[in-house]
Amino acid sequence: DAGVIQSPRHEVTEMGQEVTLRCKPISGHDYLFWYRQTMMRGLELLIYFNNNVPIDDSGMPEDRFSAKMPNASFSTLKIQPSEPRDSAVYFCASSLVGTGETQYFGPGTRLLVL
Amino acid sequence: KQEVTQIPAALSVPEGENLVLNCSFTDSAIYNLQWFRQDPGKGLTSLLLIQSSQREQTSGRLNASLDKSSGRSTLYIAASQPGDSATYLCAVRGGNQFYFGTGTSLTVIP
């Protein structure tokens, strides 16, 4: 399996622009997680899905952030409008309940908002 | 709210030494605890997962223990190697939430 795939790997944008991050989980996994990592705050869980349904979005910082999972093999995290404080590395991870919930992380998207 | 702490923030040891990394959490009502490794510029790699009913897990040179009553977990690395240099994070699942520590940056000197 190719593992969790994220795109783009790097994104540089200007304040106010819309940013869309994409994730393809490992085939067959039933959980998908979106995390944000910064030096100041460490790794934070933003939202996660089970069988394409959002389970907990309490970590989503504000209404500018939204996430969707239209099918089992694809998810997006959108920021609109983006702000400089959104600059971070965004990770997607997936897991399968049957394997004890070990999470498998993607390589991350490094976002810089100018 | 659950708080996860890892001390020390950084650790440097000579190759071959055995070492222990610490993770503490404030709420003992956890579902499981995971230890991850993160290399610079990369994602996290799961090392060991301990369910709340378990006391320890082992994989190769790694051994993780869990003491829920005291809110502590340790990751023991035997015979450290330069390739073990990375940041190690612990994560606790409680209810619907996952809480990560800020990590211990380990450097193994050849």
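Everything here concerns the structure above.
So, here's what we can say about the structure. Residue indices begin from 1 for each chain and proceed along its sequence in written order. Think of it this way: whatever chain is written first is A, whatever ligand is written first is 1, and the rest follow in order. The model is predicted, so local features are restricted to residues of pLDDT at least 70 and side-chain atom pairs to those at 80 or more, both for listing and for counting; the totals for chains, interfaces and linings are taken over all residues. As a rule here, side-chain values cover all heavy atoms of the structure and leave hydrogens and water aside.

## What about the overall build of chain B?
Strands here are runs of E lasting at least two residues and helices are runs of H or I lasting at least four, both read from the DSSP assignment and numbered beginning at the N terminus. Secondary structure assignment for chain B yields 0 helices and 11 strands. In chain B, the succession of helices and strands from N to C terminus is β-β-β-β-β-β-β-β-β-β-β. Both definitions apply: the radius of gyration is a C-alpha atom measure, and the globule rule equals 2.2 Å times residues to the power 0.38. The C-alpha radius of gyration of chain B comes to 13 Å, within 12% of the 13 Å expected for a compact globule of 110 residues. Taken along the three principal axes of its C-alpha coordinates, chain B extends 40 × 25 × 20 Å. We call two residues in contact when some of their heavy atoms are within 4.5 Å. A separation of at least 24 residues holds for 53% of the contacts in chain B among residues at least 6 apart in sequence. For chain B, the accessible area works out to roughly 5,200 Å², and carbon and sulfur atoms hold 48% of it. In this tally, Lys and Arg are treated as positive and Asp and Glu as negative; His is ignored, and so are the chain termini. For this purpose, a charge sits on NZ of Lys, CZ of Arg, CG of Asp or CD of Glu. Within chain B, one finds 8 positive and 8 negative side-chain charges whose respective centroids are separated by 7 Å. Surface accessibility follows the Shrake-Rupley procedure with a 1.4 Å probe radius. Residue values consider only the protein chains on display as shielding.

## Details of the sheet that holds strand β1 (residues 5–7) of chain A
Residues and elements named next belong to chain A. Between any two strands, pairing holds if DSSP finds at least two bridges. Spatially, 4 strands are ordered β1-β3-β8-β7 in an open sheet, and the strand pairing comes out antiparallel. Only two strands of the sheet have a single neighbouring strand rather than two, namely β1 and β7 (65–71). Adjacent strand axes in the sheet meet at a mean angle of 15 degrees, parallel and antiparallel pairs treated alike. Examined bridge by bridge, β1 and strand β3 (residues 19–24) share 3 bridges and lie antiparallel to one another. Paired with Gln-6 across the strands is Cys-23, a residue of β3. Axes, fitted as lines to C-alpha atoms, cover a helix only where it is in contact. Angles between the N-to-C directions of the axes lie from 0 to 180 degrees.

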